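Results of the structural survey
For reference, the chains in residue letters:
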Amino acid sequence: MPECIFCKIINKEIPAEIIYEDEQVMAFKDVNPVAPVHILLIPKKHIATLFDLTTEDSDVIGQLVLTAKKLAVKLGLEEKGFRLVANCKEDGGQTVFHIHFHLVGERFFAWPPG
Ligand code: 5GP
Ligand code: ZN
């Protein structure tokens with residue numbers, strides 16, 4: 001998906017503050033953070049929304065969540081915790097159509113969302 005902004009970050013066509021990268025996943029800082037820690041975790045495979053996931057993607061989804069946990073530990077979030085969010089389509093507030101988890105922390109998030 002050459003027009004996808006996250007695919008461009010994966011291909012290093014546009015810069016990002018990359019925190020972690022392996023064969024399957026990448027994590028980088030959100031350009032417009034809503035918390036002191038705001039990292040986006042994405043699969044290197046282009047998948048537009050959570051509705052486009054298939055059972056073939058179960059491994060990469062597991063890797064994304066495990067990477068989020070490892071980064072949260074590394075960033076010292078173990079004591080107070082963090083939030084891991086995936087927005088899906090219009091009602092979920094998705095604006096970039098390449099699936100991603102937001103790892104946000106170092107501030108309190110209320111529940112339910114407003
Ligand atoms: P969504 O609204 O789809 O859940 O989240 C998309 C996120 O991507 C937003 O938090 C937005 O700030 C972030 N974002 C959009 N474009 C870029 C970009 O070019 N670089 C980075 N690092 N983050 C981006
Ligand atoms: Zn993409």
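Now for a description of the structure that goes with this document. This is a predicted model, so every value here is computed, not measured. (Residues numbered from 1 in each chain as written. Chains lettered and ligands numbered in written order. Predicted model: local features only at pLDDT ≥ 70, side-chain atom pairs only at ≥ 80, totals over all residues. Heavy atoms only, no water.)

**Side note on the sheet that holds strand β1 (residues 18-21)**
- Spatially, five strands are ordered β1-β2-β3-β5-β4 in an open sheet, and the strand pairing comes out antiparallel. Because the sheet does not close on itself, it has two edges, and the strands there are β1 and β4 (82-85). Averaged over neighbouring strand pairs, the angle between their axes works out to 15° when direction is ignored.
- Bridge analysis of strand β3 (residues 37-43) against strand β5 (residues 101-105) gives five bridges, and the strand direction is antiparallel. Each residue of the ladder has a partner; that of H38, found in β5, is V104.
- Each of β1, β2 (25-29), β3, β4 and β5 is contacted by helix α2 (residues 58-74), which is oriented at about 155° to β3, the strand it contacts most. (Pairing = 2+ DSSP bridges. Helix = DSSP H or I, 4+ residues; strand = E, 2+ residues; numbered from the N terminus. Axes fitted to C-alpha atoms, helices over the stretch in contact; angles between N-to-C directions. Contact = heavy atoms within 4.5 Å.)

**Some words on the coordination of the zinc ion (ligand 2)**
- Coordination of the zinc ion (ligand 2) by the protein comes from C4 (SG), C7 (SG), H46 (ND1) and H98 (ND1), over a distance range of 2.0 to 2.3 Å.
- Between the donor residues of the zinc ion (ligand 2), the gaps in sequence give the motif C-x2-C-x38-H-x51-H. (Donors = N, O, S within 2.8 Å, 3.2 Å for Na, K, Ca; no water.)

**Some thoughts on a nonpolar patch on the surface**
- The grouping of V65, F82 and L84 at the surface amounts to a nonpolar patch, some 220 Å² of accessible area in total.
- Structurally, V65 can be placed in helix α2.
- Take V65: its relative accessible area is 37%, and that puts it in the partly exposed class. (Patch = residues over 30% accessible without salt bridge, like charges linked within 9 Å, V, L, I, M, F, W, Y side chains within 5 Å. Areas by Shrake-Rupley, 256 points an atom, 1.4 Å probe, with all protein chains shown as cover. Salt bridge = Lys/Arg side-chain N within 4 Å of Asp/Glu carboxyl O. Buried < 20%, exposed > 50% of the residue type's maximum accessible area, 1.4 Å probe, protein only.)

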